[in-house]
Amino acid sequence: MAKLKIAVLISGRGSNLQALIDACRDADYPAEIGLVLSNVGAAAGLERAREADIPTAVIGHKDFEDRKGFEDALLGELGRAGVGLVCLAGFMRLLSEHFLRPWHNRVVNIHPSLLPSFEGVHVHERVIESGARLSGCTVHIVRPAMDSGPIIIQAAVPVHPGDSPETLAARVLEQEHRIYPMAVRYIAESRLRIVAERVIIDGASAPDAALCNPSS
Ligand code: GRF
């Protein structure tokens, strides 16, 4: 079966991009990365893409007068790349209805909390501050409101007493790298359906589809 060609949109470090690059190295993995696109020319993730011989593009949001101009440039680049799925991986721009409409249900994001709790930025600081005992990460279909949309897969991790934002972030990140390739696999295998804004994953067992509960 033909592999699903994906684009990965980044703004920085690109460790989730790396997890997807690594997953795609497996001949049996049903997706391949056709483009890595960044809104930041200095994003370290671009180097990871180059090392893996993946085409890259930089579209700086500051080069455009408004969001629509920026999004039109993104849409053009994605159209030319011939990809079927857009994976946001630390992409620090909100995408509006204008961008999302033509890509309905074909844009996914990873967020370092158990959504719908703790959307937005400074997540780990806020989780620790709240006294929550569990945190985690979420891969979801993207809707226009920040960090919203049908949830595909989540992984939970404990919040340890004495955790700093950095130690918690590292524990969560390890799970991000595990579940993002899983979510892309479900989509590439056409096993994912969205019914009434809920994700149904055909053929997945409940622990597989609903909650990855790691031992860490
Ligand atoms: C990750 O924590 C991701 O969940 C969030 O931004 C961070 C990006 O990290 N959206 P990286 O660039 O993938 O290393």
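These numbers come from a predicted model, not from an experiment.

### Quick look at the packing of helix α1 (residues 15-24) against helix α2 (residues 44-51)
Next up, step 1: Across the interface, α1 lies against α2 with an axial gap of 9 Å and an inter-helix angle of 15 degrees. Taken as axis vectors, α1 and α2 run roughly parallel relative to one another. Considering the relative orientation of α1 and α2, their crossing is right-handed. Here Ser 15, Leu 17, Gln 18 and Ile 21 of α1 lie close against α2, whose contacting residues are Gly 45, Arg 48 and Ala 49.

### A few points about the domain arrangement of the protein chain
Next up, step 1: In terms of domain boundaries, the protein chain breaks down into domain 1 (1-104) and domain 2 (111-216).
Next up, step 2: Inter-centroid distance (C-alpha atoms) of domain 1 to domain 2 is 20 Å.
Next up, step 3: Taking both sides of the interface into account, the surface hidden between domain 1 and domain 2 amounts to around 1600 Å²; carbon and sulfur atoms contribute 70%.
Next up, step 4: Ranking the residues of domain 1 by area buried against domain 2 places Asn 16, Tyr 29 and Pro 30 at the top, with a combined share of 26%.
Next up, step 5: Our count for the contact surface shared by domain 1 and domain 2 stands at zero salt bridges.
Next up, step 6: Here domain 1 is connected to domain 2 by four residue pairs in polar contact (both at pLDDT 80 or more).
Next up, step 7: Sorting elements by how many residues they give to the side of domain 1 that touches domain 2 places α1 first, with five residues.
Next up, step 8: In terms of residue class, the side of domain 1 that touches domain 2 is built from 17 nonpolar, three polar and three charged.

### Points about the site of the ligand
Next up, step 1: Around the ligand sit Arg 13, Gly 14, Ser 15, Asn 16, Gly 90, Ile 110, His 111, Pro 112 and Glu 176, and those are all the residues in its vicinity.
Next up, step 2: Here Gly 14 contributes a backbone N or O atom positioned 2.8 Å from an oxygen atom of the ligand.
Next up, step 3: In the environment of the ligand, a nitrogen atom lies 2.9 Å from a nitrogen or oxygen atom belonging to the backbone of Ile 110.
Next up, step 4: When isolated, the ligand has an accessible area of 370 Å², and the protein chains bury 85% of it.

### Description of the side chain of Asn 109
Next up, step 1: Locating Asn 109 in the fold gives a position in strand β5 (residues 107-111).
Next up, step 2: Residues within four places of Asn 109 in sequence aside, it is in contact with Leu 88, Thr 138, Val 139, His 140, Val 142, Asp 147 and Tyr 180.

### Side note on the pairing of strand β9 (residues 198-201)
Next up, step 1: Side-chain alternation along β9 places Val 199 and Ile 201 on a buried face and Arg 198 and Ile 200 on a face that remains uncovered.
Next up, step 2: The turn linking strand β8 (residues 192-195) back onto β9 is made up of two residues, and Ala 196 within it adopts a positive phi angle of 50 degrees.

### Side note on the layout of surface pockets
Next up, step 1: Each pocket or cavity is described by its volume, and for the largest pocket that value is around 970 Å³.
Next up, step 2: Every residue lining the largest pocket is counted, 40 residues in all, and those nearest its centre are Gly 90, Met 92, Ile 110, His 111 and Pro 112.
Next up, step 3: Mapped onto the lining of the largest pocket, the elements with two or more residues apiece are α1, β5, α5 (123-130) and α6 (165-188).
Next up, step 4: The element best represented in the lining of the largest pocket is α6, accounting for six residues.
Next up, step 5: A per-class count over the lining of the largest pocket returns 20 nonpolar, 13 polar and seven charged.

Definitions and cut-offs
- Throughout this document, residue positions are counted from 1 along each chain, in the order its sequence is written.
- In keeping with the model being predicted, local features are shown solely for residues with a pLDDT of at least 70 and side-chain atom pairs are shown and tallied solely at 80 or more, while totals for entire chains, interfaces and linings include all residues.
- Only hydrogens and water are removed before side-chain values are computed, so all heavy atoms of the structure are retained for them.
- Angular values range over 0 to 180 degrees, each being the angle between N-to-C directions of two axes fitted as lines to C-alpha atoms, with helices fitted over their stretch in contact.
- Segments assigned H or I by DSSP are reported as helices when at least four residues long, segments assigned E as strands when at least two residues long, and all are numbered from the N terminus.
- Small angles under 35 degrees read as roughly parallel and large ones over 145 as roughly antiparallel, with 65 to 115 read as roughly perpendicular and the rest as oblique.
- By convention the crossing between two helices is left-handed if the near helix lies anticlockwise of the far one by an angle smaller than a right angle, and right-handed if it lies clockwise.
- In this analysis, two residues are considered to be in contact whenever any of their non-hydrogen atoms come within 4.5 Å of each other.
- Note that the domain bounds were set by an automatic or database domain assignment.
- Buried area: the sum, over both parts, of the accessible surface (1.4 Å probe) that disappears when the two are put together.
- We count a salt bridge whenever a side-chain nitrogen from Lys or Arg sits within 4 Å of a carboxyl oxygen from Asp or Glu.
- Two N or O atoms count as a polar contact when they lie within 3.5 Å, although within protein this holds only if one can serve as hydrogen donor and the other as acceptor, and sequence-adjacent residues are included solely when both atoms are side-chain atoms.
- Think of it as three bins: nonpolar holds Ala, Val, Leu, Ile, Met, Phe, Trp, Tyr, Cys and Pro, charged holds Asp, Glu, Lys and Arg, and polar takes everything else, Gly as well.
- Proximity is defined per residue: if any heavy atom of the residue lies within 4 Å of a molecule or strand, that residue is considered near it.
- Only the protein chains shown count as cover for residues, and all accessible areas are computed by the Shrake-Rupley method using a 1.4 Å probe.
- When accessible area is computed with a 1.4 Å probe and restricted to protein chains, residues below 20% of their type maximum are described as buried, those above 50% as exposed, and intermediate ones as partly exposed.
- Strands were regarded as paired on the criterion that DSSP finds at least two bridges between them.
- For each structure, a 1 Å grid was placed over the protein atoms alone; sets of points admitting a 1.4 Å probe that cannot get out are labelled cavities, open sets with protein on both sides within 12 Å along at least five of seven lines are labelled pockets, and lining residues have an atom within 4 Å of a point.
- Grid points are joined across faces, edges and corners, and a volume is the space filled by probe spheres set on the points.

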